[in-house]
There are 2 protein chains.
Amino acid sequence: MKFSKATDYALHALMYMIHRDGETTKIPVQDLSLALNVSTTYLSKVLTRIVKANYISSTSGAKGGYRLQQNWENVSVYDIVVAIDGVQTLFEDSFDHGEECRIQATMMEAQENLINTLKNKKLKDLTV
Amino acid sequence: MKFSKATDYALHALMYMIHRDGETTKIPVQDLSLALNVSTTYLSKVLTRIVKANYISSTSGAKGGYRLQQNWENVSVYDIVVAIDGVQTLFEDSFDHGEECRIQATMMEAQENLINTLKNKKLKDLTV
DNA sequence: CCAATTATAGATATTATAAATCTATTATAT
DNA sequence: ATATAATAGATTTATAATATCTATAATTGG
Ligand code: SF4
Ligand code: SF4
């Protein structure tokens, strides 16, 4: 019942990028790594997932780096969580007696509330 | 971002006890273990935490076993989660820049929503 | 008191997963 | 061509959850 550190790193890297230059400049992982105190290789691996999910872009080579996409303002915290950790289920029913079960239903409801909260928070909201 | 299996087992054991006899009979872990298909030793270890939290009682020796407390109806799903896994934080801030941070605040809010949902579900509600 | 039954405690082992590193490769600018 | 930077894949390390094992303590009934 814990978010991964990778998600933590990703969110912070994004916040750093947002505060730095918006979507104008390419920022090498080196810079982010320094700011967050995380190894370049690991952070790069994490950010690659955000690239794959198309919330940031990347360019290799000299003067390359990561850059926010135009749509960044509408990306939600949940989007990032999913990009990093995939779609998670809070509750893994060890037995599963079917739909109408109250334990399952309760956990699902709790999970929905959690997810909706995170869906409703856009990255932009985090900057205010 | 997952509830533990132990919590799963505990909830199911409790449901079993509730459906069996309410708070009248002592049920040996053997029975529960059989019903849930979990080893007696492990299940016992899990249930001991529920005993410690005072939601069920236990008596050793022949004719012993676990029994619901009078107050079981008002025990919430969250109570069980805490009894098993302790108070958990969904988000471990790797850096922590303080109170006013929006990332932290968002995660806290999401966590609160999750917890409140589980607090509002009593074991009794699960039987309906 | 004795034997059977049952929970508990503590140590240990097993498994699973996340976190991190390392190496090699590919892409780009100058 | 060289330096820079991302990516991929393999591998290692760390951590926590899950589970088992063994010994001990408590209770019942004879
Ligand atoms: S009681 Fe509900 S949660 Fe438990 S095994 Fe059955 S379906 Fe799953
Ligand atoms: S930005 Fe917020 S979440 Fe990130 S380290 Fe600072 S306080 Fe923590």
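Note that the coordinates shown come from a computational prediction; the quantities given were computed from them, not determined experimentally. In this convention, every chain numbers its residues from 1, walking through the sequence in written order. Ligands are numbered from 1 and chains lettered from A, in the order in which they are written. Per-residue local features are limited, in this predicted model, to residues with pLDDT of at least 70; the limit for side-chain atom pairs, both in listing and counting, is 80 or more; totals at the level of whole chains, interfaces and linings are taken over all residues. To get the side-chain values, take all heavy atoms of the structure and skip hydrogens and water.

Participant: Please give an account of the confidence of the model for chain A that cites residues and values.
Facilitator: The predictor attaches a confidence to each residue, called pLDDT, with possible values from 0 through 100. Looking at chain A, pLDDT values average 92 and 97% of them are 70 or higher. Only DSSP runs of H or I reaching four residues or more are called helices, and only runs of E reaching two or more are called strands; each is numbered from the N terminus. Ranking the elements of chain A by mean pLDDT puts helix H6 (residues 123–127) of chain A last, at 92, and helix H3 (residues 40–52) of chain A first, at 97.

Participant: Provide a residue-level description of the packing of helix H3 (residues 40–52) of chain B against helix H4 (residues 77–85) of chain B, including the pertinent values.
Facilitator: Residues and elements named next belong to chain B. Fitted lines through C-alpha atoms serve as axes, helices being fitted only where they are in contact, and the angles separating the N-to-C directions of these axes extend from 0 to 180 degrees. At their nearest, the axes of H3 and H4 sit 9 Å apart, and the two run at 115° to each other. Viewed along their axes, H3 and H4 form a crossing whose handedness is right-handed. For the pair formed by H3 and H4, the contact residues are Val46, Arg49 and Ile50 on the first element and Ile80, Ala83 and Ile84 on the second. The nonpolar class holds Ala, Val, Leu, Ile, Met, Phe, Trp, Tyr, Cys and Pro. Asp, Glu, Lys and Arg form the charged class, and all remaining residues, Gly among them, are polar. Residues of the contact of H3 with H4, tallied by class, amount to five nonpolar, no polar and one charged. Two helices crossing with the near one rotated counterclockwise from the far one by less than a right angle form a left-handed crossing, whereas a clockwise rotation gives a right-handed crossing. Residues count as neighbours in contact if any of their non-hydrogen atoms are within 4.5 Å of one another.

Participant: Lay out the protein's contact with DNA strand C in plain terms, naming residues and giving numbers.
Facilitator: We define proximity as follows: a residue is near a molecule or strand when any one of its heavy atoms falls within 4 Å of that partner. Every one of the 27 residues lining DNA strand C counts as a neighbour, but Lys5(A), Ser39(A), Thr48(B), Ser58(B) and Tyr66(B) are closest to it. Close to the protein, within 4 Å, the atoms of DNA strand C are drawn from sugar and phosphate at a rate of 68%. Two N or O atoms form a polar contact when they lie within 3.5 Å of each other; inside protein one atom must be a possible hydrogen donor and the other a possible acceptor, and for residues adjacent in sequence the pair counts only when both atoms belong to side chains. At 2.9 Å from a phosphate oxygen of DNA strand C is found a side-chain nitrogen or oxygen belonging to Thr48(B). Take Ser58(B): an N or O atom from its side chain is 2.7 Å from a phosphate oxygen of DNA strand C. In terms of residue count, H3(B) provides more of the surface near DNA strand C than any other element does, five residues in total.

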